[in-house]
Amino acid sequence: QVQLVESGGGLVQPGGSLRLSCAASGSISRINSMGWYRQTPGQERDLVATISGGGTNYADSVKGRFTISRDNAGNTLYLQMTSLKPEDTAVYFCNFRLWVGTNRVDYWGQGTQVTVSS
């Protein structure tokens, strides 16, 4: 079983920065990809950024402001967020997509609230 725990969310003023972390525990192997998603009330969960063997991928709305990275062991995922805007306010979820046999299985954290407001 895999568990993901996010941290680092909070309240920040527009233009500020936050760094989210996602610590993974359990049987972490054969990672397909890792990523961050965000969700606001009544809306679907949207991709923010992903990282895999093929590189990184960002939503257009965060390009140049957010940076996704991971530690060398691959067990901790980060999202550095700069120049934050009120529209970045959301619950942020980390995702590990793992190969289980020939299937890709998604694991999610519990989410961390990011609020950008003056």
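Structural data are supplied above this passage.
Structure report, in brief.

About the criteria used
Residues numbered from 1 in each chain as written. Predicted model: local features only at pLDDT ≥ 70, side-chain atom pairs only at ≥ 80, totals over all residues. Heavy atoms only, no water. Helix = DSSP H or I, 4+ residues; strand = E, 2+ residues; numbered from the N terminus. Rg over C-alpha atoms; globule rule 2.2 N^0.38 Å. Buried < 20%, exposed > 50% of the residue type's maximum accessible area, 1.4 Å probe, protein only. Contact = heavy atoms within 4.5 Å. Areas by Shrake-Rupley, 256 points an atom, 1.4 Å probe, with all protein chains shown as cover. Lys, Arg positive; Asp, Glu negative; His and termini not counted. Charge placed at Lys NZ, Arg CZ, Asp CG, Glu CD. Phe/Tyr/Trp six-rings, centres within 6.5 Å; stacked < 30°, edge-to-face > 60°. Lys NZ or Arg CZ within 6 Å of the ring centre and 35° of its normal. Pairing = 2+ DSSP bridges. Axes fitted to C-alpha atoms, helices over the stretch in contact; angles between N-to-C directions.

Within the chain, the regular secondary structure consists of zero helices and eleven strands. Listing every helix and strand of the chain by position from the N terminus yields β-β-β-β-β-β-β-β-β-β-β. Taking 2.2 N^0.38 as the reference for a compact globule, 118 residues should give roughly 13 Å; the C-alpha atoms of the chain span a radius of gyration of 14 Å, in line with that estimate. The C-alpha extent of the chain, read off along each of the three principal axes, is 45 × 25 × 25 Å. Scored against the burial criterion, the 118 residues of the chain give a buried share of 40%. Considering only contacts in the chain between residues 6 or more positions apart, those separated by 24 or more positions represent 54%. When the accessible surface of the chain is summed, it comes to about 6300 Å², and 44% of that surface belongs to carbon and sulfur atoms. Once the 10 positive and 8 negative side-chain charges of the chain are each reduced to a mean point, those two points are 6 Å apart.

Another aspect to go through is the packing of aromatic side chains. On inspection of all chains with the given rule, the structure shows one aromatic pair. With a centroid separation of 5.1 Å and 70 degrees between ring planes, the pair formed by Tyr-37 and Trp-108 is classed as edge-to-face. One end of the pair, Tyr-37, is in strand β4 (residues 31–39); the other, Trp-108, is in strand β10 (residues 103–108), with 71 residues separating them in the sequence. Exposure remark for Tyr-37: the relative accessible area of 14% places this residue in the buried category. The side chain of Arg-19 reaches across the aromatic face of Tyr-78, ending 4.0 Å from its centre. Here Arg-45 stacks its cationic end above the ring of Trp-108, 4.7 Å away from the centre of that ring.

Let us look at the environment of Gln-13. Within the secondary structure, Gln-13 sits in the loop between β2 (10–12) and β3 (18–26). Classification of Gln-13 by relative accessible area gives exposed; the value is 55%. With 103 residues separating them in the primary sequence, Gln-13 and Val-116 have C-alpha atoms 5.4 Å apart. Beyond its immediate chain neighbours, meaning those up to four positions away, Gln-13 contacts Val-116 and Ser-117.

Spatial ordering of the open sheet is given by β1-β3-β8-β7, a layout of four strands whose pairing is antiparallel. Looking at which strands have only one partner, the edges of the open sheet turn out to be β1 (2–7) and β7 (66–70). The average angle at which neighbouring strand axes cross in this sheet is 15 degrees, direction not considered. Two strands pair when backbone bridges link them, and β3 and strand β8 (residues 76–81) are joined in this way by six bridges, in the antiparallel orientation. Bridge pairing links Ala-23 to Thr-76 in β8.

None of the figures reported here should be taken as evidence of function without further support.
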